[in-house]
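What follows is the residue order along each chain.
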Amino acid sequence: MIAAEEQAETRHQRRLSDMRWAGQRIDAVEPGTLPGLARLNNLLRTVRTPEFEGVTFHEVLTRSALNHVPATSTMLPGEWTMNPYRGCTHACAYCFARPTHEHLGFGMGADFDSQLVVKVNMPDVLRREVATKRVRPDRVAFGTNTDPYQRAEGRYELMPPILETLTGAGISFSILTKGTVIRRDLDRLAAAATKVNVELGMSIAFLDETLRQSLEPGTPTTAARLATLRAMRDAGFAPTVFVAPILPHLTDSAEHLDELIGTLANAGAAAVLPTSLYLMRGVKELFFTWLRRAHPELVDTYAELYSQGSRTPRAYRDLVRARANQALRRHGLPVPDTSTEDKFALLGKRAPATRPEAPTLFD
C-alpha cells in the first residue's frame, strides 16, 4: 500500500513538474522557429571553460524568476522559491533534485553534475516581477532545488543583484547552501538583515573526508564549510546546519552524531536539523550504484531498509532522531521543532504575515 501511494505521488509530482518547467527546457521549440534553430529557443550560448573542466554552461533567458510552488505539491506547498541555476557541480550522489533535470531535456545522472543551465537574466526578470506583481511573496526560499552558491555563482554573480532587489522590495528570504561562495556576500546579507528577515543555513553531514569526497565530490571540504559557518556567526547570523543525509550504518551511530553535532556547535551553529537519507525514484538507483562500489557489504541492508519506498521505516528514523536529540542536548543546542523547519520553508505556506504588504504599482 505504501509503495503504491508513493508511486501515485511520484506520477502526480512529475505532471506538476512537466507543467512547471516546460517553458524553461533548453530544447523547447518556439512556434515559428526556423528549422535548425528550434532547439535554441531561450538559449543564448553554450560555454565551456578550463576553470570548470568537464562542465558545460547553457546560458538561457528565463521567463520568470519567482516560482510559486503549487499548493498540491508534497514539498514546499504554496511557497515561493528561486533557482538561478539548474543542475549542480556538487555532484551529490543522493541529491533529491536530480529528477528535475529530466524536465529540462537532460539526464539525472552525469548530466545533472555537468550540464548547468544558467538563467543569466534572472536579476532583470525579478526586478520586473516585484514591480508589477499585485501580491508579492512574503518570503522566498533559495537552495530548495539546486545550490545558489555553487561554484558557478563565483563566475556569474547572479545573487548580489537578486538579494538587492528582494531587500529593496521588503521580501524576506532564506538560503540553504553547501557552498563557500556565500562568504563573498555576507556583508550584503548582513545589511539586508537589518531590513528583512534573512535565514542562513549550511549543509554539513560528514566529518570523514574520504566519505565526503566519495559521495559529494564537487562540494567544498567539511573544514571549508565549518569556516563558512563561523563566518556566518561572526557576521551576526544564527545559522542552522542541516545534517543531511544521515547514512544508515555509516554515519548514524550515537558516537558519530555526537562528534559531528559537537563540532557544529563549536563552529557556531545556532540550530541543527538532522535528516535521515531520503532516496526518491531514480535517485535510489544512482545511490545504489555508488553503494555497490563503495560499500558492497551494505547493499542488502539498504535494500531491506528502503524496500517500502523512499524512506527508511519509522522505527529506524525515530531511533536516529533520539540519538541526534541526545547529542543536541549534550552540546547545548535546541531540539528542532516545526519553527526550525519553517525558517527554510520546509513545511509549506504559513499563515499570512501580519506586517502590512508593501505597496505595488497597482495600489
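Rules used in this analysis
- Residues numbered from 1 in each chain as written.
- Predicted model: local features only at pLDDT ≥ 70, side-chain atom pairs only at ≥ 80, totals over all residues.
- Heavy atoms only, no water.
- 1 Å grid on protein atoms, 1.4 Å probe; cavity = no way out; pocket = protein on both sides within 12 Å on 5 of 7 lines; lining within 4 Å.
- Points joined across faces, edges and corners; volume = space filled by probe spheres on them.
- Helix = DSSP H or I, 4+ residues; strand = E, 2+ residues; numbered from the N terminus.
- Nonpolar A, V, L, I, M, F, W, Y, C, P; charged D, E, K, R; others polar.
- Pairing = 2+ DSSP bridges.
- Axes fitted to C-alpha atoms, helices over the stretch in contact; angles between N-to-C directions.
- Parallel < 35°, antiparallel > 145°, perpendicular 65-115°, else oblique.
- Contact = heavy atoms within 4.5 Å.
- Expected span 1.5 Å × (residues − 1).
- Buried < 20%, exposed > 50% of the residue type's maximum accessible area, 1.4 Å probe, protein only.
- Core = buried A, V, L, I, M, F, W, Y, C linked by side-chain atoms within 4.5 Å.
- Disulfide = S-S within 2.5 Å.
- Salt bridge = Lys/Arg side-chain N within 4 Å of Asp/Glu carboxyl O.
- Arc of directions from axis to C-beta.

**Student:** Would you explain the layout of surface pockets in this entry?
**Tutor:** The probe, sized like a water molecule, is rolled over the atoms to show the empty space still left. Volume-wise, the second largest pocket comes out at about 200 Å³. Forming the walls of the second largest pocket are 13 residues, and the residues nearest its centre are Ala-91, Ala-93, Arg-98, Asp-113 and Leu-286. Breaking the lining of the second largest pocket down by element, the ones donating at least two residues are helix H2 (110–114), helix H7 (209–215) and helix H10 (283–294). Of the residues belonging to the lining of the second largest pocket, the class tally is seven nonpolar, three polar and three charged.

**Student:** How should the sheet that holds strand S10 (residues 240–246) be read in this particular structure?
**Tutor:** In a beta sheet, neighbouring strands pair by backbone hydrogen bonds and run either parallel or antiparallel. The sheet built from seven strands is open, its strands ordered S3-S4-S7-S8-S9-S10-S11 with mixed pairing. Edge positions in the open sheet fall to strand S3 (67–68) and strand S11 (271–276), since each of these has one partner strand only. Pairing geometry for strand S7 (residues 139–142) and strand S8 (residues 172–177), over four bridges, is parallel. Looking across to S8, one finds that Val-140 is bridged to Phe-173.

**Student:** Hey, could you run me through the packing of helix H8 (residues 222–234) against helix H9 (residues 254–267) in this one?
**Tutor:** Two measures define how a pair of helices packs: the angle their axes make with one another and the distance between the axes. Contact geometry of H8 with H9 gives a least axis separation of 8 Å together with a crossing angle of 40°. Of the possible angle classes, the one that applies to H8 and H9 is oblique. Judged by residue contacts, Leu-226, Leu-229, Arg-230 and Arg-233 of H8 engage Thr-263, Leu-264, Asn-266 and Ala-267 from H9. For the contact of H8 with H9, the class distribution of residues is four nonpolar, two polar and two charged.

**Student:** Where do I start with H8 in this structure?
**Tutor:** Side chains that are three or four residues apart share a direction in an α-helix, a result of its 3.6 residues per turn. Spanning 13 residues, H8 covers 18 Å between terminal C-alpha atoms, matching the ideal 18 Å at 1.5 Å per step. What H8 keeps buried is the set Thr-222, Arg-225, Leu-226, Thr-228, Leu-229, Ala-231 and Met-232. Those residues of H8 that are buried are in contact with S8, helix H6 (186–192), strand S9 (198–203), H7, S10 and H9. Phi for Gly-236, located one or two positions after H8, is positive at around 100°.

**Student:** Just to check I follow, could you spell out the nonpolar core for this structure?
**Tutor:** Across soluble globular proteins, you tend to see nonpolar side chains buried next to one another. Counting residues in hydrophobic clusters, the biggest one holds 59 residues, and the most contacted among them are Met-82, Phe-173, Ile-175, Leu-189 and Leu-264. Once you skip the residues sitting within four places of it in the chain, Phe-173 turns out to touch Val-140, Phe-142, Leu-163, Leu-166, Thr-167, Leu-189, Ala-192, Val-196, Asn-197, Val-198 and Glu-199. Ala-97, Phe-288, Leu-298 and Tyr-306 belong to the second largest nonpolar core, which has 24 residues in total.

**Student:** Explain the state of the cysteines here, please?
**Tutor:** In a disulfide, the sulfur atoms of two cysteines are covalently bonded to one another. Within this structure, the stated rule accounts for zero disulfides. For Cys-88, which is in no disulfide, the shortest distance to another cysteine sulfur is to Cys-92 and amounts to 6.4 Å. Between Cys-95, a cysteine without a disulfide, and Cys-92, which holds the nearest cysteine sulfur, the sulfur-to-sulfur distance is 6.2 Å.

**Student:** Is there a simple way to think about the environment of Arg-311 in this case?
**Tutor:** Along the chain, Arg-311 falls in the loop between helix H11 (299–305) and helix H12 (314–330). Separated by 31 residues in the primary sequence, Arg-311 and Met-280 have C-alpha atoms spaced 8.2 Å apart. Among residues more than four places away in sequence, those in contact with Arg-311 are Tyr-278, Leu-305, Tyr-306 and Arg-317.

**Student:** When you look at the pattern of salt bridges in this model, what are you seeing that I'm missing?
**Tutor:** Side chains that differ in charge, positive against negative, can pair when their charged atoms come close. Inspection of the entire model under this criterion finds 15 salt bridges. With a closest N to O distance of 3.9 Å, Arg-281 and Glu-102 form a salt bridge. With Arg-281 in the loop between S11 and H10 and Glu-102 in the loop between strand S5 (85–86) and H2, the pair connects residues that are 179 residues apart, well separated along the chain. Arg-188 is the partner of Asp-185 in a salt bridge, and the nearest nitrogen-oxygen pair spans 3.0 Å. Look at Asp-185 and you get buried, because its relative accessible area is 0%. For Arg-188, a relative accessible area of 38% gives the class partly exposed. Salt bridges linked by common partners bring Glu-153, Arg-184, Asp-185 and Arg-188 together as one network.

**Student:** How should I be thinking about the pairing of strand S2 (residues 56–60) in this particular structure?
**Tutor:** Residues in a regular strand point their side chains to alternate faces of the sheet. S2 sits mainly inside the fold: five of its five residues count as buried. In terms of strand pairing, strand S1 (residues 43–47) meets S2 through four bridges, oriented antiparallel. Paired with Arg-45 across the bridge in S2 is Glu-59. As paired strands, S2 and strand S6 (residues 115–119) are joined by five bridges and run parallel to one another. From the neighbouring strand, His-58 faces S6, where its bridge partner is Val-117.

**Student:** Which parts of the structure should I look at to understand the sheet that holds S2?
**Tutor:** Ordered in space as S1-S2-S6-S5, the four strands form an open sheet in which the pairing is mixed. Of all the strands in the sheet, the pair left with one neighbour each is S1 and S5.

**Student:** I would appreciate a short explanation of helix H3 (residues 122–132) in the present structure.
**Tutor:** Among all positions of H3, only Met-122, Pro-123, Val-125, Leu-126, Glu-129 and Val-130 are buried. End-on view of H3: buried residues confined to an arc of 160°, all on one side of the axis. Those residues of H3 that are buried are in contact with strand S4 (80–82), S6 and helix H5 (159–168).

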